Amino acid sequence: MRSCSMVRVGLIVIAAALAAVASMVGGPASAATANPKTTSIAALPLAVTASEWTTFGHDGLRSGVDASGSSFSPATAAWTSPAVDGQLYGQPLVSTGRVFAATENDTVYALAANTGQVLWHTHVGTPFDPNTVPGLCGNIHPTVGITSTPVIDSARSEIFVVATEAAPGNAVHRLVGLDLFTGAKLLDEGIDPAGTSPAFQLQRASLALTDGRVIAGFGGNSGDCGPYHGLVVSAPENGSPPSTYVVANQAGDGQGAVWMGGAAPSIDAQGNVWVATGNSQHHGSTDAYDQSDSVLKLSPTMHLLDSFAPLHWYADNTTDADLGSTAPALLSSGRVFQVGKSQTGYILNQSHLGGVGGQLASGPFCSADADGGAADLNGTLFVPCGNGLTSVTPTSVPPVAHWTTSSGVHGSPIVAGGLVWSMGGGRLTALNASTGSTAQQFTIGSTPSSFPSPAASDGLVLAPSSDQIHAFMGPAGLPVPPTPPPPRPAYWLVASDGGIFAFGGATFYGSTGSFTLNQPVVAMASTPDHRGYWLVASDGGIFAFGDAGFYGSTGSLHLNRPIVGIAPTPDGRGYWLVASDGGVFNFGDATFVGSMGAVALNRPVVGMAATTSSQGYWLVASDGGVFNFGDAGFEGSTGSLTLNEPIVGMAATPLGAGYWLVASDGGLFSFGRATFEGSTGSLTLNKPVVGMAATATGDGYWLVASDGGVFSFGDARFEGSTGGLALNRPMVGMAAGAPAS
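Numbering of residues starts from 1 in every chain and runs along the sequence as written. Thresholds applied to this predicted model are a pLDDT of at least 70 for local features of residues and 80 or more for the giving and counting of side-chain atom pairs; totals over whole chains, interfaces and linings are not thresholded and use all residues. Values reported for side chains reflect all heavy atoms of the structure, with hydrogen atoms and water molecules removed beforehand.

K.L.:
Please give an account of the sheet that holds strand E26 (residues 380-385) that cites residues and values.
P.N.:
When DSSP locates at least two bridges between a pair of strands, those strands are taken to pair. The helix and strand labels rest on DSSP assignments: H or I over at least four residues marks a helix, E over at least two residues marks a strand, and numbering proceeds from the N terminus. The strand order across the open sheet built from 4 strands is E25-E26-E27-E28, with neighbouring strands paired in antiparallel fashion. Edge positions in the sheet fall to strand E25 (375-377) and strand E28 (401-404), since each has one partner strand and no second. Between one strand axis and the next, the sheet turns by 20° as a mean value, whatever way the strands run. Pairing between E26 and strand E27 (residues 388-392): 5 bridges, direction antiparallel. Residue pairing for E27: Leu381 is matched across the bridge by Val392. Axes here mean lines fitted to C-alpha atoms, for a helix over just the part in contact, with angles spanning 0 to 180 degrees between N-to-C directions.

K.L.:
Describe the pairing of strand E19 (residues 304-309), naming the residues involved and giving the relevant values.
P.N.:
Both strand E18 (residues 295-298) and E19 contribute to a ladder of 4 bridges, which runs antiparallel. By the bridge assignment, Val295 is partnered in E19 with Phe308. The turn joining E18 and E19, which pair antiparallel and follow one another in sequence, is formed by 5 residues; a positive phi near 75° is taken by Met302. Relative to strand E23 (residues 355-356), E19 runs parallel, the two being bridged by 2 bridges. Residue Phe308 lies in a different strand from E23, and its bridge partner there is Gly355.

K.L.:
Any chance you could break down the environment of Ala315 for me, citing the residues and the numbers?
P.N.:
Examined against the element boundaries, Ala315 turns out to sit in helix H1 (residues 313-318). Spatially, the C-alpha atoms of Ala315 and His283 are 6.0 Å apart, while their sequence positions differ by 32 residues.

K.L.:
Tell me about empty space enclosed by the protein, and name the residues and values.
P.N.:
Buried and open spaces are told apart on a 1 Å grid over the protein atoms alone, a cavity being a set of points where a 1.4 Å probe fits but cannot get out and a pocket being an open set with protein on both sides within 12 Å along at least five of seven lines. Residues with an atom within 4 Å of a point are the lining residues. Grid points are joined across faces, edges and corners, and a volume is the space filled by probe spheres set on the points. Under the criterion given, the structure shown has 8 cavities of 30 Å³ or more. Along the wall of the largest cavity there are 17 residues; nearest its centre are Cys137, Val144, Ala199, Leu202 and Asn221. Classifying every residue of the lining of the largest cavity gives 9 nonpolar, 8 polar and no charged. Each residue gets one of three labels, nonpolar for Ala, Val, Leu, Ile, Met, Phe, Trp, Tyr, Cys and Pro, charged for Asp, Glu, Lys and Arg, and polar for the others, Gly among them.

K.L.:
Tell me about unusual backbone geometry, and please be specific about residues and values.
P.N.:
A cis geometry characterises the amide bond from Ser73 onward to Pro74, with omega recorded as 0°. With respect to the helices and strands, the residue Pro74 is situated in the loop between strand E2 (19-26) and strand E3 (76-80). Pro142 follows His141 through a cis peptide bond whose omega is 5°. Phi is positive for Asp106, close to 65°, though the residue is something other than glycine. Tracing the backbone shows Asp106 in the loop between strand E5 (98-102) and strand E6 (107-112).

K.L.:
Tell me about the side chain of Thr122, residues and numbers included.
P.N.:
Assignment of secondary structure puts Thr122 in strand E7 (residues 118-123). Each residue's exposure class comes from its accessible area (1.4 Å probe, protein chains only) as a fraction of the maximum for that residue type: buried when under 20%, exposed when over 50%, partly exposed otherwise. Residue class for Thr122 comes out buried when judged on its relative accessible area of 14%. Here, two residues are considered to be in contact whenever any of their heavy atoms come within 4.5 Å of each other. If near-sequence neighbours (up to four positions away) are discounted, Thr122 is found in contact with Asp106, Thr107, Val108, Leu178 and Gly183.

K.L.:
Could you give an account of the pattern of salt bridges, with specific residues and numbers?
P.N.:
Any Lys or Arg side-chain nitrogen located within 4 Å of an Asp or Glu carboxyl oxygen qualifies as a salt bridge. With the rule as written, the count across this model stands at 7 salt bridges. Put simply, Glu158 and Arg156 hold a salt bridge, and the shortest N to O gap is 3.1 Å. Like Glu158, the residue Arg156 is buried in the burial classification. One salt bridge connects Arg174 with Asp188, and the closest N-O pair in it is separated by 2.5 Å. Residue Arg174 is found in strand E10 (residues 170-179), and its partner Asp188 is found in strand E11 (residues 185-190); the two are separated by 14 residues along the sequence. The burial state of Arg174 is the same as that of Asp188; both residues are buried. Each of the salt bridges in this network shares a partner with another, and the network as a whole consists of Arg156, Glu158 and Glu237.

K.L.:
How would you explain the pairing of strand E45 (residues 616-621) if you had to name every residue and give the values?
P.N.:
Of all 6 residues in E45, 6 are buried, a share of seventy percent or more. The two faces of E45 match: Gly616, Trp618 and Val620 on one face and Tyr617, Leu619 and Ala621 on the other face are all buried. Of the pairings in the sheet, the one linking strand E44 (residues 605-610) to E45 comprises 5 bridges and is antiparallel in character. Across the sheet, Ala609 pairs through a bridge with Trp618, a residue of E45. Note that E45 and strand E46 (residues 626-630) share 5 bridges and pair antiparallel. Paired with Leu619 across the two strands is Phe627, which belongs to E46. Between E45 and E46, which pair antiparallel one after the other, the connecting turn spans 4 residues, and Gly624 there sits at a positive phi close to 85°.

K.L.:
Could you give an account of the sheet that holds E45, with specific residues and numbers?
P.N.:
The sheet built from 3 strands is open, its strands ordered E44-E45-E46 with antiparallel pairing. Of all the strands in the sheet, just E44 and E46 have a single pairing partner and so form its edges. Going across the sheet, the axis of each strand differs from the next one's by a mean of 20°, ignoring polarity.

K.L.:
Let's hear about the packing of aromatic side chains: which residues, and what values?
P.N.:
Only the six-membered ring of Trp is used, alongside the rings of Phe and Tyr, when aromatic pairs are assigned; centres must lie within 6.5 Å, and planes under 30 degrees apart are stacked while those over 60 apart are edge-to-face, with the rest tilted. Applying the stated criterion across every chain yields a total of 24 aromatic pairs. Ring centres 5.3 Å apart and planes at 75° place the aromatic pair Phe337 and Phe365 in the edge-to-face group. Of this pair, Phe337 sits in strand E21 (residues 335-339) while Phe365 sits in the loop between strand E24 (361-364) and E25, placing them 28 residues apart in sequence. Residue Phe337 is classed as buried on the basis of its relative accessible area of 3%. By relative accessible area, which is 3% here, Phe365 ends up buried. Following the ring pairs from residue to residue traces out a cluster consisting of Trp492, Tyr509, Tyr533 and Phe545.

K.L.:
I'd like to hear about the environment of Ile500, residue by residue, with values.
P.N.:
Within the secondary structure layout, Ile500 lies in strand E37 (residues 500-504). For Ile500 and Ser511, which are 11 residues apart along the polypeptide, the C-alpha to C-alpha distance reads 5.7 Å.

K.L.:
Can you break down the state of the cysteines residue by residue, with the values?
P.N.:
Whenever a pair of cysteine sulfur atoms sits within 2.5 Å, that pair is classed as a disulfide. If you walk through the whole model with that rule in mind, you get 2 disulfides. Paired through a disulfide, Cys137 and Cys225 show a sulfur-sulfur distance of 2.1 Å. Handedness here is read from the sign of the S-S torsion; for Cys137 and Cys225, about -95°, the answer is left-handed. Note that Cys137 is positioned in the loop between E7 and strand E8 (151-153) and Cys225 in the loop between strand E13 (213-218) and strand E14 (231-236), a separation of 88 residues in sequence. Through a disulfide, Cys366 is tied to Cys385; the S-S separation comes to 1.9 Å. The disulfide joining Cys366 to Cys385 has a torsion of about -55° about its S-S bond and is therefore left-handed. In this pair, Cys366 is assigned in the loop between E24 and E25 and Cys385 in strand E26, connecting sequence segments 19 residues apart. For the pair formed by Cys366 and Cys385, the shared burial category is buried. Taking only the cysteines that form disulfides and numbering them from first to last, the protein has the pattern 1-2, 3-4.

This is the structure in structure tokens:
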């Protein structure tokens, strides 16, 4: 499937032609819709392991603390990466024994953490040349590409970046998802809100992740030129349409940047998003408050939940003394610490920010602009004041500094091995956390950013210079080699002529795409080991491929109604067929335990699924009525509901303790232990959904439309589709394949 805003790319094999075809286009999955059998789950922030650094500041709270326990006393140089193809503005990230960096040339690099060797690099687009837009200011040259720190979703094995790309007379911002192990592009979605001027909107704030959504903050370019607004864009990882919060969104108003010195939005335990905003065009005491010069608490879907602004926020706007040059620091005490260019530190209450003038305490803090994100070591913050890194333990009284460095080090700090690490003046410096005295210092060279930040993971401290990553190790030495790639997910699609399309790790075993069939193919099923599959035609003709055995068919019988589905037995030595009147036909070791063939149905049967024994199965009708036989338990149905569109298929959980039903609009209904992971029920589809398949874990599923567009949910990874191809015949179903090593 395709939409105007998003393209997913993968490798496919066009089985009907018995030839490999690369880089085909697929479509987006959508946000979840209401489901009568699913209880809503609270949004959760990004969780990371102690040995990974998958987001700016290590975790959603931006603690900046390496929790692995690695010692760096002393630290020594480990390696320096080859020069990359553009400037490095973001913080390095670490996952699976790989170090990730992104450049202003729109290229993402994966390096081996143990050697610094480039494992892969993917150029995601043509970067934007700011000289092509008259009147545009800024200090990033010669091109603007990926400026912010990316974010990694370890569960999806996917790294997300926002790439600024060239467009005729303008720029465009695209959210791109790449496979951690290969660099293959999994998502490519435009995220510029309608009515904005993308060339004047700089995506500087680091990315965050919450509730299956990538959060991106936008502001203006250095110099505050042109039309821009502070924006917070919340883009679902599955490619469905983003939500946006707009700052200074009043008539004649503008600006209100969300940039935070390159730090990321903070994510609280409920998954809510915290940002600080910059100055707007409201400068007078009679101007309406417009959420500029503020701390904002937003829901994952970008609803404003709470806010704080200094009493004289409009005066701060006048002098560019905005609050939004650092990210809000959320403390375990329930406090929030915020400092900006006004050189005033504010202590706020997380549960009630207080609105305009609602701070718990405030006082002079920093004697030069603060920029970036603080690190939090057990309630003591290390704050990137422009005059020097400063230590403070915020309570409910005006903040008082413990110490401030005089070495010129003032970049967003981290804590690793009990030391505070910060960058500045072309050096990486380790400080004593109690006193601020210098413990170690390393020269790494100049950086393009005024406030660069290191990272720490896998026994390494990693610091970016202009176009290289510099790694320093502790006494334990280098980390182990990178984790091998996991098995790839796999699935097959089948068209009504029996053409097979294999994706991911699925192997092509044959098709009927070149045959003249008596009747069209209506469904398919894979063998238990996923090394073969059956196709079934509407007359019950069976076509077996791979290790799928032929055990009989109804191809030579006169049927009362056409066949609509097939389900194999657990050992693959038999199968059931079901007709639209609910008649069931069993072959091989499949046991007949009942049917609806003699019953007058309200609606025709459209599919079936089997239990994990050879002794039961479910049938489903187009109204979602479910009929259970043998040891198949009844877990619920939609037979009594008024559906927007008819049910077209079903799938059982791997343990047989529940099932999903899917409608032609992609509406998803889950029963028993089948979990709801999302649907396309709220999207306008190019073509109707015709089938589904569950993952081996039962924690995800794919839907397929008649044009071969694939929609992935939960742990079902998108591996390609035929959504951009001209097909000989429409798709009619799909089956999960064996992951390939």
